[in-house]
Amino acid sequence: NAGVTQTPKFRVLKTGQSMTLLCAQDMNHEYMYWYRQDPGMGLRLIHYSVGEGTTAKGEVPDGYNVSRLKKQNFLLGLESAAPSQTSVYFCASSYALAGTQETQYFGPGTRLLVL
Amino acid sequence: AQTVTQSQPEMSVQEAETVTLSCTYDTSESDYYLFWYKQPPSRQMILVIRQEAYKQQNATENRFSVNFQKAAKSFSLKISDSQLGDAAMYFCAYRRGAQKLVFGQGTRLTINP
């Protein structure tokens, strides 16, 4: 049971390049999330998904797209990277039910540098 | 909109001592969840403790406990017998139902040997 994994761990992009970040979870969670973490800002939600085939916008969705074609995977895409997207990206997942299943489990993060 | 505020950017404590990290939040809801997450240098976000708003009893996990004051919208984390491995960024977070987490800005905790 690997939990939540993210690929890649680190990436350097040039302005205008595109890339996709992959998040995978093996806990059969319905909900998945993408956050970005910037110094002094805490974590901010980019997009989230409440189930396979569904996505929704979070607090800071501009410049990003997501897809949830399979329940266990949640992809975050940058079509045209900008220096403002330099950040650490975290994926998380959780069950949709109340109680102890409310907890969000986080991946190890992806550090992205856009030059 | 819900907001979470951590007013202490940095805290330090002597090893084996007790430290309290502050968190306040703003919401008009009555049913929600509160969390403390730890982020060590490895950057992995680790759940430390959670509190359901409908429970009056403060949550406790070994050396970690919370002081949940619902009327004051305050949710502080107390770490007893601090250990070097407790050094990390600590984030307070709010969640209602199965919706997104709203995080505070974080508090960097340093443990002095």
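Asks: Before we go on, may I ask you to explain the interface of chain A and chain B in this structure?
Replies: Much of the literature gives interface size as the accessible area that the parts lose upon coming together. Opposite the 29 residues of chain A that make contact, chain B presents 20 residues. Regarding the contact of chain A and chain B, the summed buried area is about 1,900 Å², with carbon and sulfur atoms giving 51% of it. Along the contact surface separating chain A from chain B lie zero salt bridges. When residues of the side of chain A that touches chain B are traced back to their parent elements, those giving at least two are strand 4 (31–38), strand 5 (42–51), strand 9 (87–94) and strand 11 (110–114) of chain A. Residue composition of the side of chain A that touches chain B, grouped by class: 14 nonpolar, eleven polar and four charged.

Asks: It is not clear to me how the state of the cysteines should be interpreted in this structure. Could you clarify?
Replies: Cysteine pairs can be linked by a disulfide, which is a covalent bond between their two sulfur atoms. Residue and element names in this part refer to chain B. Enumeration according to the criterion identifies two disulfides over all chains in this entry. The disulfide bridge from Cys23 ends at Cys92, spanning 2.0 Å between sulfur atoms. Taking the sign of the S-S torsion, about -70 degrees here, the bridge from Cys23 to Cys92 comes out left-handed. Here Cys23, found in the loop between strand 3 (19–21) and strand 4 (24–26), pairs with Cys92, found in strand 10 (residues 88–95); they are 69 residues apart in sequence, far enough to count as distant. The exposure class assigned to Cys23 is buried, which follows from its relative accessible area of 1%.

Asks: What am I meant to see in the pairing of strand 11 of chain A here?
Replies: Two faces make up the sheet, and in a regular strand the side chains alternate between them. All names here are of chain A. A one-sided burial pattern is seen for strand 11, the buried positions being Thr110, Leu112 and Val114 and the unburied ones Arg111 and Leu113. As paired strands, strand 2 (residues 10–13) and strand 11 are joined by four bridges and run parallel to one another. In the sheet register, Val12 faces strand 11, and the bridge partner there is Leu113. In the sheet, strand 9 pairs with strand 11 via three bridges, with the strands oriented antiparallel. Its bridge partner lying in strand 11, Val88 is registered against Arg111.

Asks: Quick question: what am I supposed to make of the layout of surface pockets here?
Replies: A probe matching the size of a water molecule, rolled over the atoms, marks out where space remains unfilled. Roughly 370 Å³ of volume is contained in the largest pocket. Considering the residues around the largest pocket, the lining is formed by 20 residues, among which A:Gln37, B:Gln39, B:Met89, B:Phe91 and B:Arg108 are closest to the centre. The set of elements that each furnish at least two residues to the lining of the largest pocket consists of strand 4 of chain A together with strand 10 and strand 12 (107–112) of chain B. At three residues, the largest contribution of residues to the lining of the largest pocket is made by strand 10 of chain B. Grouping the amino acids of the lining of the largest pocket by side-chain chemistry returns eleven nonpolar, five polar and four charged. Contributing to the lining of the second largest pocket are eleven residues, with A:Met41, A:Glu59, B:Val4, B:Val102 and B:Phe103 lying nearest its centre. Those elements that place two or more of their residues in the lining of the second largest pocket are strand 5 of chain A together with strand 1 (3–5) and strand 11 (102–103) of chain B.

Rules behind the numbers
Residues numbered from 1 in each chain as written. Chains lettered and ligands numbered in written order. Predicted model: local features only at pLDDT ≥ 70, side-chain atom pairs only at ≥ 80, totals over all residues. Heavy atoms only, no water. Contact = heavy atoms within 4.5 Å. Buried area = accessible area lost by both parts, 1.4 Å probe. Salt bridge = Lys/Arg side-chain N within 4 Å of Asp/Glu carboxyl O. Helix = DSSP H or I, 4+ residues; strand = E, 2+ residues; numbered from the N terminus. Nonpolar A, V, L, I, M, F, W, Y, C, P; charged D, E, K, R; others polar. Disulfide = S-S within 2.5 Å. Buried < 20%, exposed > 50% of the residue type's maximum accessible area, 1.4 Å probe, protein only. Pairing = 2+ DSSP bridges. 1 Å grid on protein atoms, 1.4 Å probe; cavity = no way out; pocket = protein on both sides within 12 Å on 5 of 7 lines; lining within 4 Å. Points joined across faces, edges and corners; volume = space filled by probe spheres on them.

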